[in-house]
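These are the residues of each chain, in order.
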Amino acid sequence: MQTQMLTIEFSPEEGAIIRLLGLVERRGYEVKTINLPLTSKNNSSLDIAIIARDASRDIGVLQRQISRLIGVQRVLTNIKTNETEAQNV
Amino acid sequence: MSASNPDQSEKERTATSSQTGAQLVVKALQDQGVDLVFGYPGGTIMPFYDALPGSSLRHILVRHEQAAAFAADAYARATGKAGVCIATSGPGATNLLTGIANAFLDSVPMIAITGQVPTAVMGTDAFQEIDIFGMAMPVVKHSFLIRKAEEIPYIIARAFQIATSGRPGPVLIDLPKDIAQMQVPAPAPAILHPAPTRQPAMADIADAIELLKTAKQPVLYIGGGVAKSGASKALRSMNEIAGIPAVATLTGLGVLPTGSENFFGMLGMHGSKAANILVQKSDVLLVCGARFDDRATGKLDSFAADARVIHLDCDPAEISKLRHVDVAVPGSLKAAIEQLKVQKLNIEPWRKQAKELRRQFAFDYHAPGSGVFAPAFLEKLSRRAPSNFVATCDVGQHQMWVAQHCSFNRPEAHLTSGGLGAMGYGIPAGIGAKLANPKDCVVTITGDGSVMMNIQELATIRRYGIGLKIVLFDNSALGLVRQWQELFYEQNFSEVDLYDNPDFASVARAFGIEAFTVSRREQVDGAIERLLKTNGPVLAHVRIDPRENVWPLVPPGKSNAEMMES
Ligand SMILES: Cc1ncc(C[n+]2csc(CCOP(=O)(O)OP(=O)(O)O)c2C)c(N)n1
Ligand SMILES: [Mg+2]
């Protein structure tokens with residue numbers, strides 16, 4: 001299965017990182033690499049490389065599941081998601 | 001109540017120049033309009049309990065924290081406001097967890113406040129220290145660990161805002177003891193209103209209308225989100241014109257009244273055969289506030305395989321999660337339904353076919369023998385109950401019979417643990433629902449297995465004189481598990497026999513609750529009458545045949561087209 005990159009911009013509240021990584025794991029992905037660049041007080045950015053644990057996982061769904069967490073500002077992927085889906089959401 | 005007189009409470013606030021964190025919590029709850037909380041005290045939450053007397057908050061002392069969470073959950077479902085539950089750290093907090101998970105899976109607004117050990121000893125395995133903030137993360141919409149007492153008003157206001165906005169859910173607030181005891185200058189109260197849900201896009205609505213117009217065999221699929229978005233009325237009006245045959249999930253029951261012309265029952269594993277056939281045959285599925293749960297869809301690949309799907313939901317993350325959607329309408333469900341102005345669809349042959357299926361597969365209430373037939377009991381009970389009837393259920397066969405056989409005229413009339421399927425929900429939920437709307441005729445329907453998971457709450461009912469009616473269907477078994485062992489595990493009955501149950505009527509009486517036992521069919525009318533006319537708490541212990549099963553049924557992993565019948 002393909003490695004996918006996610007960049008998550010979030011507000012660095014207590015617990016925010018476990019909240020993000022916990023969700024990614026729970027929704028069926030293995031986290032391969034993590035990078036947490038130094039950023040400003042109110043904004044952090046988490047770069048992760050992930051691999052789905054089975055073929056049925058859709059990165060677009062994961063992206064929206066991360067986006068709805070409180071404190072997440074933006075979720076970017078390097079993979080172009082299905083065009084129609086991107087329009088619908 | 002101070003909240004009703006802001007000038008005076010403002011004066012009071014400035015008069016007492018400093019307050020403890022716990023006093024701020026009490027005040028903040030009052031500022032949010034909370035009048036009732038469910039909880040249980042203990043070491044680290046003692047500052048809160050110290051600040052409680054003399055406040056306008058009514059505290060209901062449950063006898064197990066799980067019941068506090070379930071009661072708060074039902075209170076929220078019944079009122080639309082966030083329910084509040086409170087527990088101490090460690091075991092108190094972990095006992096809340098099942099109830100928090102229940103609220104999470106059914107999208108119920110809830111605020112759970114837990115005591116925590118003092119910040120200085122957090123992380124040292126202090127007495128009754130448990131990382132509830134970490135443990136609860138997968139089952140909360142959000143959580144806060146309070147580090148500064150002066151942030152309490154804002155955090156509590158924000159917690160209520162998060163719990164009640166968009167797709168509702170539980171929010172945990174972990175409150176270390178030192179923060180609760182700290183004296184701080186009283187900060188200004190904070191009020192945050194629910195954040196408006198994003199409006200649906202006009203273009204999406206137009207696409208939905210276009211697709212609906214082409215439909216020859218459309219089906220409206222109603223989920224729990226409809227009631228949670230306050231969209232029930234809008235949906236009823238919309239469908240009065242459109243006339244689309246409708247089905248509902250377990251938590252969507254009551255949005256369309258049970259007996260109404262366009263309603264064809266529950267879909268899914270224990271749904272009605274008519275509902276499942278209609279969905280399987282549909283060419284357009286209009287899904288409102290539902291999430292394609294496996295108990296509703298059966299084998300996903302074969303679920304409504306020929307249908308194009310329109311999905312209206314306030315949570316974009318639910319769109320195309322399990323089933324590919326042809327037209328997605330993310331955003332406010334209420335607004336979307338209001339704007340979905342569909343003319344009467346030209347689908348008379350389909351409507352006729354639907355009604356024929358409903359007639360053909362209508363439930364049969366004639367059963368052999370002279371024992372009590374639970375489906376018939378429930379059908380009668382809900383028919384004879386007043387229009388403010390509310391059923392709160394436990395989990396098992398009896399729960400499925402309630403969903404199949406009771407009539408509901410509104411979604412708040414049916415409170416059930418849908419996503420989590422948590423045995424033990426019934427009685428605490430009955431307490432929450434009855435306290436929320438004391439005039440309602442609230443009936444808890446439980447089983448001999450489930451009732452034992454929160455039987456201690458009979459003491460709560462007794463203490464507060466809560467006029468809850470309890471129907472306990474006693475089949476001397478963990479019936480639903482027994483049914484699966486019979487059907488899918490070659491009758492290898494393993495650990496499902498409850499032959500040595502206590503005498504439940506005596507148990508209830510020992511708690512000071514009126515109770516009686518019936519076991520014969522001719523006693524049913526009298527039992528229902530007695531239940532309905534008793535004002536105080538009352539328990540009807542109803543013995544039923546252990547061999548009775550829930551029919552029809554979609555076997556696990558099978559398509560909804562393959563329903564087994566008795
Ligand atoms: C807390 C919990 N534990 C276990 C289960 C699994 N379970 C589902 S139904 C059931 C049997 C329930 O028995 P009872 O309350 O007597 O209801 P009946 O099916 O007999 O009507 C069990 C054990 C569950 N849903 N919840
Ligand atoms: Mg039973």
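Computed from a prediction, not measured in an experiment: that's the story for all the values here.

*Asks:* Break down the pattern of salt bridges for me, citing the residues and quoting the values.
*Replies:* The final tally for this structure, using the stated rule, is 30 salt bridges over all chains. The shortest N-O distance in the salt bridge between D293(B) and R291(B) comes to 3.5 Å. Residue class for D293(B) comes out partly exposed when judged on its relative accessible area of 24%. Through salt bridges with shared partners, a single ionic network connects R68(A), R167(B), D315(B), E318(B) and K321(B).

*Asks:* Hey, could you go over the packing of helix α1 (residues 16-26) of chain A against helix α2 (residues 59-67) of chain A for me, with residue numbers and the actual values?
*Replies:* Residue and element names in this part refer to chain A. The contact between α1 and α2 brings their axes to 10 Å, and the two run at 150°. Comparing the axis directions of α1 and α2 gives the class roughly antiparallel. Crossing angle aside, the handedness with which α1 passes α2 is right-handed. Residues L20, L23 and V24 of α1 form the contact with α2, whose own contacting residues are L62, Q65 and I66. Residue classes in the contact of α1 with α2 are distributed as 5 nonpolar, 1 polar and no charged.

*Asks:* Lay out the coordination of the magnesium ion (ligand 2) with the relevant residues and their values.
*Replies:* Residue and element names in this part refer to chain B. All of the protein donors around the magnesium ion (ligand 2) are D448 (OD), N475 (OD1) and A477 (O); their distances to the metal are 2.0 to 2.2 Å. The sequence pattern formed by the donor residues of the magnesium ion (ligand 2) is D-x26-N-x1-A. Linking D448 in the loop between β17 (441-447) and α19 (458-464) with A477 in the loop between β18 (469-474) and α20 (479-488), this pair joins segments that are 29 residues apart in sequence. As far as burial versus exposure is concerned, D448 and A477 are alike and both buried.

*Asks:* Describe the interface of chain B and chain A, with residues and values.
*Replies:* Of the residues lining the interface, 24 residues belong to chain B; the matching set on chain A comes to 13 residues. Where chain B abuts chain A, roughly 1600 Å² becomes buried across the two surfaces, and 52% of that area is made up of carbon and sulfur atoms. Per-residue buried area on chain B facing chain A is highest for M137(B), H142(B) and A317(B); these three make up 30% of the total on that side. The tally of links from chain B across to chain A stands at 2 salt bridges. Between D315(B) and R68(A) there is a salt bridge whose closest N-O contact spans 2.4 Å. Breaking the side of chain B that touches chain A down by element, the ones donating at least two residues are β6 (142-145), α7 (152-164) and β14 (327-330) of chain B. The residue makeup of the side of chain B that touches chain A, split by class, is 11 nonpolar, 3 polar and 10 charged.

*Asks:* So what about the site of ligand 1? Which residues, and what values?
*Replies:* Residues and elements named next belong to chain B. Near ligand 1, the surroundings consist of 17 residues, among which Q397, G421, G449, S450 and G479 are the closest. Within the backbone of A477, an N or O atom sits 3.0 Å from an oxygen atom of ligand 1. The backbone of G479 places a nitrogen or oxygen atom 2.8 Å from an oxygen atom of ligand 1. For ligand 1, the accessible surface in isolation is 580 Å², of which the surrounding protein chains cover 77%. By residue number, the principal contributor to the shell around ligand 1 is α20, which donates 3 residues. Taken together, the residues of the shell around ligand 1 break down into 7 nonpolar, 9 polar and 1 charged.

*Asks:* Can you explain α1(A)? Please cite residues and give values.
*Replies:* The set of residues buried in α1(A) consists of A16(A), R19(A), L20(A), L21(A), L23(A) and V24(A). Just beyond α1(A), the residue with positive phi is G28(A), at close to 100°.

*Asks:* Which residues make up the packing of helix α4 (residues 65-79) of chain B against helix α18 (residues 426-436) of chain B, and what are the values?
*Replies:* Residues and elements named next belong to chain B. Close contact between α4 and α18 brings their axes to 7 Å; oriented N to C, the two are set at 45°. The orientation of α4 relative to α18 falls into the category oblique. Seen from above, α4 lies across α18 with right-handed handedness. Here α4 contributes A67, F70, A71, A74, Y75, A78 and T79 to the contact with α18, which in turn contributes P428, A429, G432, A433 and A436. Residue composition of the contact of α4 with α18, grouped by class: 10 nonpolar, 2 polar and no charged.

What counts, and at which threshold
Residues numbered from 1 in each chain as written. Chains lettered and ligands numbered in written order. Predicted model: local features only at pLDDT ≥ 70, side-chain atom pairs only at ≥ 80, totals over all residues. Heavy atoms only, no water. Salt bridge = Lys/Arg side-chain N within 4 Å of Asp/Glu carboxyl O. Buried < 20%, exposed > 50% of the residue type's maximum accessible area, 1.4 Å probe, protein only. Axes fitted to C-alpha atoms, helices over the stretch in contact; angles between N-to-C directions. Helix = DSSP H or I, 4+ residues; strand = E, 2+ residues; numbered from the N terminus. Parallel < 35°, antiparallel > 145°, perpendicular 65-115°, else oblique. Left-handed = near helix turned anticlockwise from the far one by under 90°. Contact = heavy atoms within 4.5 Å. Nonpolar A, V, L, I, M, F, W, Y, C, P; charged D, E, K, R; others polar. Donors = N, O, S within 2.8 Å, 3.2 Å for Na, K, Ca; no water. Buried area = accessible area lost by both parts, 1.4 Å probe. Near = heavy atom within 4 Å. Polar contact = N/O pair within 3.5 Å; in protein donor to acceptor, adjacent residues only side chain to side chain. Areas by Shrake-Rupley, 256 points an atom, 1.4 Å probe, with all protein chains shown as cover.

Function-wise, these values are silent; they only describe arrangement.
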